Amino acid sequence: MTSFSLLTKQSFRWILAVLLGTIFADVIAYFLIDSPIIMNFFKITTEKNWPTLVSTLQLILSGSMLYALYKESLRSNVEVLICRYWRILAFIFFILAFDEWFTIHDLLGHAFSNHMGTLGTMFGWTLLYMIIMVVFFIWSLRFLIYLPFKTAIGMVVSGSIFLIGAIGFELLNTEEFKQGLG
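Thresholds applied
Residues numbered from 1 in each chain as written. Predicted model: local features only at pLDDT ≥ 70, side-chain atom pairs only at ≥ 80, totals over all residues. Heavy atoms only, no water. Salt bridge = Lys/Arg side-chain N within 4 Å of Asp/Glu carboxyl O. Helix = DSSP H or I, 4+ residues; strand = E, 2+ residues; numbered from the N terminus. Phe/Tyr/Trp six-rings, centres within 6.5 Å; stacked < 30°, edge-to-face > 60°. Buried < 20%, exposed > 50% of the residue type's maximum accessible area, 1.4 Å probe, protein only. Axes fitted to C-alpha atoms, helices over the stretch in contact; angles between N-to-C directions. Parallel < 35°, antiparallel > 145°, perpendicular 65-115°, else oblique. Contact = heavy atoms within 4.5 Å. Nonpolar A, V, L, I, M, F, W, Y, C, P; charged D, E, K, R; others polar. Left-handed = near helix turned anticlockwise from the far one by under 90°.

**So, the pattern of salt bridges**
Argument step 1. Tallying each qualifying case throughout the model produces two salt bridges.
Argument step 2. The salt bridge partner of glutamate 72 is arginine 75, with a shortest N-O separation of 3.3 Å. One end of the pair is glutamate 72 and the other is arginine 75, both in helix H3 (residues 50-75) and three residues apart, which spans about a single turn.
Argument step 3. Among the salt bridges present, the one from arginine 142 reaches glutamate 79, with a minimum N-O distance of 3.4 Å. One end of the pair, arginine 142, is in helix H7 (residues 125-146); the other, glutamate 79, is in the loop between H3 and helix H4 (80-102), with 63 residues separating them in the sequence.

Shown next as structure tokens:
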């Protein structure tokens, strides 16, 4: 599909360098710098900062690329159901971008976790998202089976890395979860 040419190797390297630079700046800020201004600017565990902006833009870029794949699939006479998967994935990434910047997950997750007792206290908003991710994975199985094997594996690995970052590191940052592990 020609839609993959939307992101050249050079632009991919630039995006990767910005993301890795942000992570490096976060580590340096966390361990070496005591300035509250710099800490708030780079600290990943806070919201409305540089890493949140980069993450939001990355999700918007991903959603845009998925929408381009949807449009290309329509032009290429790909099965209609598969075209819909691309469109729904694009929509999901746009929702994730909105959620990343406006932290809707905190509001919804807090309301949800209040009704889940100890599990809700330990997992917070991540409990709701873990349930959604299981449903999403089951829903996407037909789509993954349709894709070429290497592409499907790449999407599963990418999704796993995203979940480890989004949910895993959030869990490692909560006192309740740390106490549950200890």
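**Some words on the packing of aromatic side chains**
Argument step 1. Considering all chains together, one arrives at six aromatic pairs under this definition.
Argument step 2. A ring pair is formed by tyrosine 85 and tryptophan 139, whose centres lie 4.7 Å apart and whose planes are at 50°; its orientation type is tilted. In this pair, tyrosine 85 sits in helix H4 while tryptophan 139 sits in helix H7, placing the two residues 54 residues apart along the sequence.
Argument step 3. Residue classification places tyrosine 85 among the buried positions, given a relative accessible area of 7%.
Argument step 4. Measuring from centroid to centroid gives 4.7 Å for phenylalanine 98 and phenylalanine 102, while their planes differ by 40°, and the two rings are tilted. Separated by four residues within a single helix, phenylalanine 98 and phenylalanine 102 lie in helix H4, roughly one turn from each other.
Argument step 5. The class of phenylalanine 102 is partly exposed, set by a relative accessible area of 43%.
Argument step 6. Ring-pair connections join several aromatic residues into one group, and the members of that group are Tyr85, Trp86, Phe136, Trp139 and Phe143.

**Observations regarding the packing of H7 against helix H8 (residues 149-172)**
Argument step 1. H8 packs onto H7 with a crossing angle of 175° between their chain directions and a minimal axis gap of 11 Å. On the basis of their axis angle, the class for H7 and H8 is roughly antiparallel. Contacts between H7 and H8 involve Trp125, Thr126, Tyr129, Met130, Met133, Phe137, Phe143 and Leu144 on the former and, on the latter, Ala152, Met155, Val156, Leu163, Ala166, Ile167, Glu170 and Leu171.
Argument step 2. Residues that form the contact of H7 with H8 fall into these classes: 14 nonpolar, one polar and one charged.

**Topic: the packing of H4 against H7**
Argument step 1. In contact at an axis separation of 10 Å, H4 and H7 are set at 150° when each is read in the N-to-C sense. Taken together, the axes of H4 and H7 are roughly antiparallel relative to one another. Regarding H4 and H7, the two cross each other, and that crossing is left-handed. Within the contact between the two elements, H4 uses Leu81, Ile82, Tyr85, Trp86, Ile88, Leu89, Ile92 and Asp99 and H7 uses Tyr129, Phe136, Trp139, Ser140, Arg142, Phe143 and Tyr146.

**Focus: unusual backbone geometry**
For residues other than glycine, phi is negative in most cases, and the peptide bonds are mostly trans.
Argument step 1. Positive phi is not limited to glycine here, since asparagine 77 has a value of about 60°.
Argument step 2. Checked against the element boundaries, asparagine 77 lands in the loop between H3 and H4.
Argument step 3. Backbone geometry places threonine 103, a non-glycine residue, at a positive phi of 50°.
Argument step 4. You can see threonine 103 is positioned in the loop between H4 and helix H5 (104-113).
Argument step 5. In this structure threonine 103 comes out as buried when scored by relative accessible area, which is 17%.

**Overview of the environment of valine 80**
Argument step 1. Inspection of the secondary structure puts valine 80 in helix H4.
Argument step 2. Of the residues examined, valine 80 reaches a relative accessible area of 51% and is grouped as exposed.

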